[in-house]
Every structure is written in structure tokens, then in C-alpha cells.
Amino acid sequence: MRIYSRIIGTGSYLPEKRLTNADLAAELAQQGVETSDDWIVERTGIRARHFAADHQACSDLATEAARKALDAAGLAAHDIDLIIVGTSTPDMVFPSVATMVQHKLGTAGCPAFDLQAVCSGFIYALTVADAMIQSGSAKRALVIGAEVFSRILDFKDRTTCVLFGDGAGAVVLEASGEPGVLATDLHADGKYKDILCVPGHVNRGGILGDPVLKMDGQAVFKLAVGVLEETARASLAKANLTDADIDWLIPHQANIRIMQSTAKKLKLGPDKVVVTVDQHGNTSAASIPLALDTAVRDGRIQRGQTLMLEGVGGGFTWGSVLLRY
Ligand code: ACO
């Protein structure tokens with residue numbers, strides 16, 4: 001009998017500090033940086049985002065989301081035998097956020113590691129956890145996407161600092177005879193490294209280069225809309241399904257225009273797309289599990305429905321996970 005991995009619980013966490021576009025515009029104006037609610041809403045669909053408090057690190061956000069996912073699954077931390085965290089904004093160079101989450105949850109022993117694929121981090125992490133469950137090397141995995149992108153933003157660059165927010169989302173994935181994850185599809189192409197990157201890095205006890213996010217927005221836009229359609233179609237083909245079988249599209253929440261364009265290519269109406277970018281901004285690896293948990297908890301997503309999760313991010317990396325919820 002085929003072993004599938006199934007989502008048995010979801011959770012998410014947003015830091016308390018919430019800034020509307022007007023709040024952010026007022027803060028930026030104090031530094032001589034001009035932006036407006038109108039510009040941000042028209043170009044991106046974003047209306048608000050959350051920023052972590054100074055004392056909060058990525059692992060704190062991840063742990064909160066993990067606790068809620070465990071509660072929803074009716075499990076305790078010691079029931080988990082694998083922890084993977086998708087993140088590009090870890091607490092430290094090492095050890096991993098995943099080992100810190102494990103300790104904060106009060107458990108030990110099971111494998112725990114981070115996976116760095118920027119905004120595709122959760123899709124990559126879910127794919128790896130699914131493969132480990134299918135192979136029998138794990139039975140119950142915590143898969144988390146968590147980010148504090150506010151720490152790597154240049155608040156003098158209005159073309160990027162208005163786009164991102166902080167947060168975390170998590171799922172508990174369990175081995176099951178019933179589907180479950182139906183198909184996965186991952187890709188990367190390193191020649192695009194310069195269109196979205198944080199070039200600074202630790203070197204001999206200091207930082208070499210600029211440790212803030214740099215982006216060529218139009219190049220990212222063009223690439224994203226193409227690969228998001230391709231990867232969704234690849235996962236559908238692997239599962240012998242068509243776009244008509246999708247109940248909910250849960251795309252990476254980068255920009256409403258990218259999401260609408262992808263939905264149109266997949267012939268899905270706006271009523272089939274889970275949108276949280278308006279309230280969360282782009283939370284990178286956290287955006288998909290945050291959107292998933294939002295739609296599970298408000299009752300839109302129901303057991304038995306077919307979900308298409310897909311993401312694209314720096315690297316470039318992209319991919320999708322098609323699953324029966
Ligand atoms: N407020 C006011 N004006 C602004 C702002 C701002 N925050 N940012 C840029 N502008 C100005 C520019 O200076 C420019 O002015 P000019 O015409 O006088 O030179 C004008 O607005 C237009 O700038 P563009 O960069 O051409 O704007 P564009 O329509 O391309 O929108 C955006 C920019 C929103 C970044 C768009 O390119 C985009 O959505 N790209 C996708 C990138 C993305 O979503 N990245 C997220 C991270 S990647 C990921 O998650 C996969």
C-alpha cells in the first residue's frame with residue numbers, strides 16, 4: 001500500500017506590531033522617503049504588514065506557529081519525529097532555527113534542519129517532508145515557514161521596504177493510507193541570483209557587502225508569472241488532474257497582480273484564490289502556510305478539497321505541491 005503524507009493540523013503566528021500603509025508611509029516620511037497607500041495598494045495589493053518586536057527572533061515566531069499546528073492536530077511535541085523550517089532569516093548563522101524550535105517546544109532527539117529556498121522555502125520543505133514520510137523515515141513531521149524579513153530590509157529603498165512583513169505558518173504532516181500530497185514539483189535556476197538577493201555576508205568577524213534586500217522588481221514579476229503556471233501544470237499532470245480539479249489556489253503571497261495573473265492562466269476565478277497579501281504583505285517562506293492556516297480556520301478550506309500550493313523566490317527557486325486536504 002502506498003504511504004501518503006497528510007496535513008492533520010495547521011497553525012500560524014503574526015507579531016503584534018501591525019503597520020498599515022499609512023503607518024509605514026508616516027514612518028518612512030520621517031527619514032525623507034516618500035510613498036503612499038495609493039501607490040502600494042495599486043501596484044501590490046498590500047494594505048498592512050506585521051513586524052516582529054526587537055526581542056523576537058525567527059525561532060520565536062516559528063515556535064508559536066508550531067504550537068498552534070500541534071494543538072490543531074491534537075498532538076504533543078514529543079509525537080513529532082521530524083522538524084523542517086523553511087527560512088532565509090535565521091536567528092544565527094548556525095545552529096538552525098529548527099533545532100531552536102525543537103528545544104523551545106520542549107522536545108529532543110528527532111532530526112531538525114532548516115531549508116533555504118527563500119520564498120519557495122515552504123514548498124521545498126513540504127516536498128522534502130513528504131518524501132521522508134513516503135520513504136518511511138518519518139511518520140509525523142512539523143513543517144514550518146518562518147521569516148523576519150524586516151531585519152533585512154533597507155528602509156531607505158521604497159521600491160522594496162513596502163513589500164514585506166514578518167510571520168510564521170506551520171503544518172503537521174502525518175503518514176497515512178489516504179491522500180494526502182498527490183504530487184510535487186521543484187525547480188531552481190541560479191543564473192537569476194542577482195535579480196533578488198541579500199548580497200552581504202559574514203566575513204572574518206564583520207559583514208562584507210550590503211546585508212539588505214536588493215530586487216529588480218520587473219524582472220522578478222516576469223519570471224514569476226511564467227514559472228508559477230508551468231509548475232502548477234507539472235504537478236497537475238503528475239497527478240492526472242486538470243486545473244478544473246483545483247478547489248483552492250494558495251500561491252506565494254508576493255503581489256496581488258502576480259497571483260491574479262497566475263489564477264487567470266489556470267482558468268481559476270478570484271473566488272478560488274486564497275489572498276492574504278493585503279493583510280500580511282510578502283512574508284517569504286511563511287506566506288503560503290499563513291494563507292493556508294487562515295483559510296482553514298475561517299472555514300473556506302474543507303476536508304477532501306484539492307489544494308494547489310505554489311511558490312517562487314530568490315535563487316531563483318520555484319515549485320508546487322498539489323494535495324488533497
Ligand atoms: N512608493 C511610491 N513610488 C514608488 C515606490 C513606492 N513604494 N516604489 C517605486 N516607486 C516609483 C518609482 O520610483 C518609479 O517612479 P518614476 O517613474 O518616477 O521613476 C515608479 O514608482 C514606478 O516604479 P516601477 O519599479 O516601474 O514600478 P512597478 O510598476 O514595476 O512596480 C513592483 C514595482 C511593485 C516592485 C513590481 O515590479 C512588482 O510587483 N514586481 C514583482 C516583485 C515582487 O513581488 N517581489 C516580491 C519579492 S519576490 C518574491 O516574493 C518572489
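Use the structure listed above.
Right, let's walk through the structure included here.

About the thresholds
- Residues numbered from 1 in each chain as written.
- Predicted model: local features only at pLDDT ≥ 70, side-chain atom pairs only at ≥ 80, totals over all residues.
- Heavy atoms only, no water.
- Phe/Tyr/Trp six-rings, centres within 6.5 Å; stacked < 30°, edge-to-face > 60°.
- Helix = DSSP H or I, 4+ residues; strand = E, 2+ residues; numbered from the N terminus.
- Buried < 20%, exposed > 50% of the residue type's maximum accessible area, 1.4 Å probe, protein only.
- Lys NZ or Arg CZ within 6 Å of the ring centre and 35° of its normal.
- Core = buried A, V, L, I, M, F, W, Y, C linked by side-chain atoms within 4.5 Å.
- Contact = heavy atoms within 4.5 Å.
- Pairing = 2+ DSSP bridges.
- Axes fitted to C-alpha atoms, helices over the stretch in contact; angles between N-to-C directions.
- Patch = residues over 30% accessible without salt bridge, like charges linked within 9 Å, V, L, I, M, F, W, Y side chains within 5 Å.
- Areas by Shrake-Rupley, 256 points an atom, 1.4 Å probe, with all protein chains shown as cover.
- Salt bridge = Lys/Arg side-chain N within 4 Å of Asp/Glu carboxyl O.
- Disulfide = S-S within 2.5 Å.
- Near = heavy atom within 4 Å.
- Polar contact = N/O pair within 3.5 Å; in protein donor to acceptor, adjacent residues only side chain to side chain.

Here we come to the packing of aromatic side chains. Counted under the stated rule, the structure contains 3 aromatic pairs. Seen from their ring centres, Tyr-192 and Phe-316 are 6.4 Å apart, and the 80 degrees between their planes marks the pair as edge-to-face. Taken together, the residues span a long stretch of sequence, with Tyr-192 in the loop between strand 8 (181–188) and strand 9 (196–197) and Phe-316 in the loop between strand 14 (306–313) and strand 15 (317–324) at a distance of 124 residues. Judged by relative accessible area, which is 1%, Phe-316 ranks as buried. Sitting above the plane of the Tyr-325 ring, Arg-303 keeps its charged end 3.8 Å from the centroid.

Within the largest apolar cluster, 44 residues are counted, with the highest numbers of intra-cluster contacts made by Val-162, Leu-249, Met-308, Val-312 and Phe-316. Looking at this core, the elements that each hand over two or more residues are helix 1 (21–29), strand 8, helix 7 (217–238), helix 8 (256–265), strand 14 and strand 15. The greatest single-element share of this core, amounting to 8 residues, is contributed by helix 7. The contacts of Val-312, once residues within four sequence positions are left out, are Cys-119, Ser-120, Ala-224, Val-227, Leu-228, His-252, Thr-317 and Trp-318.

We now examine the sheet that holds strand 8. Spatially, the 4 strands line up as an open sheet ordered 8-15-14-13, and their pairing is mixed. On the outer flanks of this sheet lie strand 8 and strand 13 (248–251), each paired with one strand and no other. Looking at each pair of strands side by side, their axes are set apart by 10 degrees on average, direction ignored. Two strands pair when backbone bridges link them, and strand 14 and strand 15 are joined in this way by 8 bridges, in the antiparallel orientation. Bridge pairing in strand 15 places Thr-306 opposite Arg-324. Sheet strands in contact with helix 7 are strand 8, strand 14 and strand 15, and its direction is about 145 degrees off that of strand 14.

To continue, consider a nonpolar patch on the surface. On the surface, a nonpolar cluster with roughly 480 Å² of combined accessible area is contributed by Val-93, Phe-94, Val-202 and Ile-207. Tracing the backbone through its elements, the reader meets Phe-94 in the loop between strand 4 (82–86) and helix 4 (97–104). According to the relative accessible area criterion, Phe-94 is exposed, its value standing at 68%.

We now examine the state of the cysteines. In the structure shown here, the tally under the stated rule is 0 disulfides. Note on Cys-58: no disulfide assigned, nearest cysteine sulfur contributed by Cys-119 at a separation of 13 Å. In this structure Cys-58 comes out as buried when scored by relative accessible area, which is 1%. No disulfide involves Cys-119; its sulfur sits 13 Å from the nearest other cysteine sulfur, which is in Cys-197. Judged by its relative accessible area of 5%, Cys-119 is buried.

As a matter of local geometry, the ligand sits amid 24 residues, with Thr-35, Arg-43, Gln-218, His-252 and Asn-255 nearest to it. Within the side chain of Thr-35, a nitrogen or oxygen atom sits 2.7 Å from a nitrogen atom of the ligand. Between an oxygen atom of the ligand and a side-chain N or O atom of Asn-282, the distance comes to 2.9 Å. For the ligand, whose free accessible area comes to 1,000 Å², the fraction covered by protein is 75%.

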